[in-house]
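Spelled out from the first residue to the last, the chains are:
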Amino acid sequence: IAKVRISAAQSLGKLGIRDLAALPALESIAVEDSDTESRIAAIRALGQMGEGAAPILGRILLRISPRDEIVVETTLETLVAMGPAARPAMDSLGTFGRDADDYRDNDKLISLTTDALVNIGPEAVGQLIAIVDRCSYTRTWLTGLNGIGRLGSEVAEVAPYLVQQFNKYMYEEDSNMVQVL
């Protein structure tokens with residue numbers, strides 16, 4: 001049965017079906033199926049469906065267990081690959097990122113979250129700032145600041161915020177910062 005679900009999800013993705021009727025079934029497989037390969041196939045199929053599936057990918061990201069790291073990673077990789085089409089998942093990415101300290105042992109998840117937000121574009125700067133403001137782990141802080149910087153001159157208005165953040169850590173003793181540097 002798992003092979004049937006995998007095949008069906010892959011077929012839907014390859015066809016680029018944008019039929020909204022398929023989306024809840026793929027979401028259900030991605031979140032609830034006991035077979036990891038079926039879950040990954042459903043997530044990838046949703047990614048191939050474009051912007052209309054982005055909110056569902058955002059919900060999946062927030063619904064899956066942090067212990068399912070491969071499924072979390074696949075969801076984030078899918079959102080990264082979608083680029084600006086992932087815009088409808090921006091709030092979910094921000095929420096996930098603000099809880100990134102829960103994933104501080106997995107730099108890849110933190111980097112993927114930042115990459116997805118950066119790929120959305122300058123309108124994601126608020127989500128990146130929220131991640132930086134919320135985090136307590138220095139690697140997450142640095143990854144978030146790097147993401148803001150990668151948005152470039154289009155977010156020049158946040159330069160004072162960046163200076164404030166760097167000054168904050170320049171004058172505070174932080175053993176994590178010393179460890180990262």
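Engineer: Quick question: what am I supposed to make of helix α6 (residues 90-98) here?
Structural biologist: Quick reminder: α-helices carry 3.6 residues per turn. Residues three or four places apart thus point the same way. Every buried residue of α6 is accounted for by Met 90, Ser 92, Leu 93, Gly 94, Phe 96 and Gly 97. At its buried positions, α6 is contacted by α4 (54-63), α5 (69-82), α7 (107-120) and α8 (125-134).

Engineer: Where do I start with the environment of Leu 109 in this structure?
Structural biologist: Of note, Leu 109 is situated in helix α7. Under the relative-accessibility criterion, Leu 109 is labelled buried at 0%. For the pair Leu 109 and Glu 69, spaced 40 residues apart in the sequence, the C-alpha separation amounts to 8.5 Å.

Engineer: I'm lost on the nonpolar core in this one. Help?
Structural biologist: Within soluble globular proteins, side chains that are nonpolar generally end up buried alongside one another. In this structure, Leu 46, Ile 60, Leu 79 and Ile 148 are the most contacted members of the largest nonpolar core, which totals 49 residues. For Leu 79, the contacting residues outside a window of four places in its chain are Leu 57, Leu 61, Ala 86, Ala 89, Leu 93 and Ala 116.

Engineer: For this particular structure, what's the right way to read the confidence of the model for the protein chain?
Structural biologist: One rule of thumb: low pLDDT means the predicted coordinates there are not for detailed reading. Mean pLDDT over the protein chain: 83, with 78% of residues reaching 70 or higher. Contacts from residues 175-181, a stretch scored under 50 in pLDDT, to residues over four places away or in other chains number nine contacts.

Engineer: Would you explain the pattern of salt bridges in this entry?
Structural biologist: Summed over the entire model, instances satisfying the criterion amount to eight salt bridges. A cluster of three or more residues bridged by salt bridges with shared partners is formed by Glu 27, Glu 32, Arg 59 and Arg 63.

Engineer: Is there a simple way to explain the packing of α4 against α6 in this structure?
Structural biologist: In a pair of packed helices, the angle between the axes and the distance between the axes together describe the arrangement. Their axes nearest at 8 Å, the elements α4 and α6 cross at an angle of 20°. It follows that α4 is roughly parallel to α6 by the angle criterion. Relative to α6, α4 is oriented so that their crossing is left-handed. Packed against α4, whose contacting residues are Gly 58, Arg 59, Leu 61 and Leu 62, the element α6 presents Ser 92, Leu 93, Thr 95 and Phe 96 at the interface. Looking at side-chain class alone, the contact of α4 with α6 contains four nonpolar, three polar and one charged residues.

Conventions we followed
- Residues numbered from 1 in each chain as written.
- Predicted model: local features only at pLDDT ≥ 70, side-chain atom pairs only at ≥ 80, totals over all residues.
- Heavy atoms only, no water.
- Buried < 20%, exposed > 50% of the residue type's maximum accessible area, 1.4 Å probe, protein only.
- Helix = DSSP H or I, 4+ residues; strand = E, 2+ residues; numbered from the N terminus.
- Contact = heavy atoms within 4.5 Å.
- Core = buried A, V, L, I, M, F, W, Y, C linked by side-chain atoms within 4.5 Å.
- pLDDT = per-residue confidence, 0-100.
- Salt bridge = Lys/Arg side-chain N within 4 Å of Asp/Glu carboxyl O.
- Axes fitted to C-alpha atoms, helices over the stretch in contact; angles between N-to-C directions.
- Parallel < 35°, antiparallel > 145°, perpendicular 65-115°, else oblique.
- Left-handed = near helix turned anticlockwise from the far one by under 90°.
- Nonpolar A, V, L, I, M, F, W, Y, C, P; charged D, E, K, R; others polar.

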